[in-house]
Amino acid sequence: MAVEIRELECFLVLADELHFGRTAERLYLSQSRVSQLLQSLERRIGGPLFERTSRRVALTPLGKEFLTSLRPAYAALERVVENAREYAASAAGKLRIGFQGAANATVLNAVADFQSRHPDCLIDVCELPLNDPFGALRRDAVDAAVVMLPVAEDDLVLGPVFSQQQQTLTVCSSHRLAARSSIDAEELAGETLIAIAGPAPGYWRQAQAPTQTPAGALIHRGPDVRTLQEGLSLIAAGRGAMLICRPTAERNSWNGIVNLPISGLPDSSLGLIWRRGEQTPTLQAFANHLKT
């Protein structure tokens, strides 16, 4: 038979007080209700827990054994409840999210949903430099960041990955490939790709502007840029092409620039990252929204 928490609480207080009147006062109950709870618990256990006379209340041997086992278990249960309260309370305050470029629909929907579920928590968003996806996290300027993959940093944790999008090759309208409806990655051989400047690590910059096709043919490295707008300006000037995920390319359409879907390359993806060892309940709650 299931034991009720109130019965256990009544037993523990009576074991401390050894007096029904004082127990009733501590629990804000009547003495008759204390007796009912105790009798119910004794029926569930199958034996008397207290010896009761008109002069004294004392634990039976069964009661002493039960008390010895119950105290640590009840204390552990109280800690579980308190931890849950702290977890719920920690979703209040502020969460700072950085993102590269314009926040896409997935991020914006997650922010809106999180705000509706946690009205006491304010989410601040800020744009991260294209050429420095990890710096703001390391400076503690943001609590988490939405960045383009790959991420292979020992001090950072990669959480949910989302927004897998086909890549496009963005070129000026006079480019030799501009009239095509789509291209294959091997057609990048001999082309010049505008690259992203540091301080982004080399492996990350290489992923955004590879120097070889999948088959190993050479791709020339063009000028480095710090922002997408710098890259688009150089494209329009005929200084090279740039790999951009399709939604970003469509949102940043310029006169004299053409976006060509490209096959044979991995999709562009975004991921939520944060500092290792600093995953707060608030941050975990936000990450869960991005997963759905």
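Computed from a predicted structure; not experimentally measured. (Residues numbered from 1 in each chain as written. Predicted model: local features only at pLDDT ≥ 70, side-chain atom pairs only at ≥ 80, totals over all residues. Heavy atoms only, no water.)

Caption draft 1: View of the overall build of the protein chain. When you go through the protein chain residue by residue, the secondary structure sums to ten helices and 13 strands. Scaling as 2.2 N^0.38, a compact globule of 292 residues should have a C-alpha radius of gyration of about 19 Å, whereas the protein chain reaches 32 Å, well beyond that. Expressed as a percentage of the 292 residues in the protein chain, the buried residues total 44%. Carbon together with sulfur atoms contributes 51% to the accessible area of the protein chain, which is approximately 15100 Å² in total. Counting 29 positive and 31 negative side-chain charges, the protein chain places the centres of these two groups 5 Å from one another. (Helix = DSSP H or I, 4+ residues; strand = E, 2+ residues; numbered from the N terminus. Rg over C-alpha atoms; globule rule 2.2 N^0.38 Å. Buried < 20%, exposed > 50% of the residue type's maximum accessible area, 1.4 Å probe, protein only. Areas by Shrake-Rupley, 256 points an atom, 1.4 Å probe, with all protein chains shown as cover. Lys, Arg positive; Asp, Glu negative; His and termini not counted. Charge placed at Lys NZ, Arg CZ, Asp CG, Glu CD.)

Caption draft 2: Looking closely at the sheet that holds strand β7 (residues 167-172). One open sheet holds the four strands; their spatial order is β8-β12-β7-β11, and the pairing between them is mixed. The sheet terminates laterally at β8 (183-184) and β11 (242-245), the two strands that pair on one side only. Pairing between β7 and strand β12 (residues 257-263): five bridges, direction antiparallel. Across the sheet, residue Cys 172 finds its bridge partner in β12, namely Ile 257. (Pairing = 2+ DSSP bridges.)

Caption draft 3: Summary view of the environment of Pro 133. For Pro 133, the position within the fold is in the loop between β4 (121-128) and α6 (135-138). Remark: the alpha-carbon pair of Pro 133 and Ala 200, spanning 67 residues in sequence, is separated by 6.5 Å. Setting aside anything within four residues of it in sequence, one finds Pro 133 in contact with Gln 100, Leu 128, Ala 145, Val 147, Ala 200 and Trp 204. (Contact = heavy atoms within 4.5 Å.)

Caption draft 4: Quick peek at the pairing of strand β5 (residues 144-148). β5 sits mainly inside the fold: five of its five residues count as buried. What you see with β5 is no split at all: Ala 144, Val 146 and Met 148 on one side and Ala 145 and Val 147 on the other are buried throughout. Where β5 lies against strand β13 (residues 268-275), four bridges are found, and the strand directions are antiparallel. Residue pairing across strands places Ala 145 opposite Ile 273, the latter belonging to β13.

Caption draft 5: Main features of helix α3 (residues 31-45). The first and last C-alpha atoms of α3 sit 21 Å apart over 15 residues, in line with the 21 Å expected at 1.5 Å per residue. Looking only at α3, the buried set comprises Val 34, Leu 37, Leu 38, Ser 40, Leu 41 and Glu 42. One or two positions beyond α3, positive phi appears at Gly 46, with a value near 100°. (Expected span 1.5 Å × (residues − 1).)

Caption draft 6: Region of interest: the packing of helix α1 (residues 5-17) against helix α2 (residues 20-27). The geometry of α1 relative to α2 is characterised by a closest axis approach of 9 Å and an angle of 130° between their N-to-C directions. Compared by their axis directions, α1 and α2 come out oblique. For the pair α1 and α2, the sense of crossing is right-handed. Touching Arg 6, Glu 9, Cys 10, Val 13, Leu 14, Asp 16 and Glu 17 of α1 are Phe 20, Arg 22, Thr 23, Arg 26 and Leu 27, all from α2. A breakdown of the residues in the contact of α1 with α2 according to their chemical character gives five nonpolar, one polar and six charged. (Axes fitted to C-alpha atoms, helices over the stretch in contact; angles between N-to-C directions. Parallel < 35°, antiparallel > 145°, perpendicular 65-115°, else oblique. Left-handed = near helix turned anticlockwise from the far one by under 90°. Nonpolar A, V, L, I, M, F, W, Y, C, P; charged D, E, K, R; others polar.)

Caption draft 7: Main features of the environment of Leu 130. Mapped onto the elements, Leu 130 comes out in the loop between β4 and α6. Taking the relative accessible area as the measure of exposure, Leu 130 reaches 16% and is therefore buried. Between the C-alpha atoms of Leu 130 and Gln 229, which are 99 residues apart in sequence, the distance is 9.9 Å. Apart from the residues within four sequence positions on either side, Leu 130 is in contact with Gln 100, Met 148, Ile 196, Trp 204, Arg 226, Thr 227, Leu 228 and Met 242.

Caption draft 8: Focus on the nonpolar core. Membership of the largest hydrophobic core comes to 46 residues, with the highest contact counts inside it found for Val 146, Met 242, Leu 272, Ile 273 and Phe 286. Every residue in contact with Leu 272, bar those within four places of it in the chain, is listed here: Ala 144, Ala 145, Val 146, Val 157, Leu 158, Gly 159, Pro 160, Phe 162, Leu 283, Phe 286, Ala 287 and Leu 290. Counting residues in hydrophobic clusters, the runner-up holds 21 residues, among them Leu 38, Leu 49, Phe 50 and Leu 67. (Core = buried A, V, L, I, M, F, W, Y, C linked by side-chain atoms within 4.5 Å.)

Caption draft 9: Up close: the environment of Arg 176. Relative to the helices and strands, Arg 176 resides in the loop between β7 and β8. If near-sequence neighbours (up to four positions away) are discounted, Arg 176 is found in contact with Glu 187, Ala 189 and Glu 191. In this structure the side chain of Arg 176 is engaged in a polar contact, spanning 3.3 Å, whose partner is the backbone oxygen of Glu 187. At a separation of 2.6 Å, a polar atom in the side chain of Arg 176 contacts the side chain of Glu 191. (Polar contact = N/O pair within 3.5 Å; in protein donor to acceptor, adjacent residues only side chain to side chain.)

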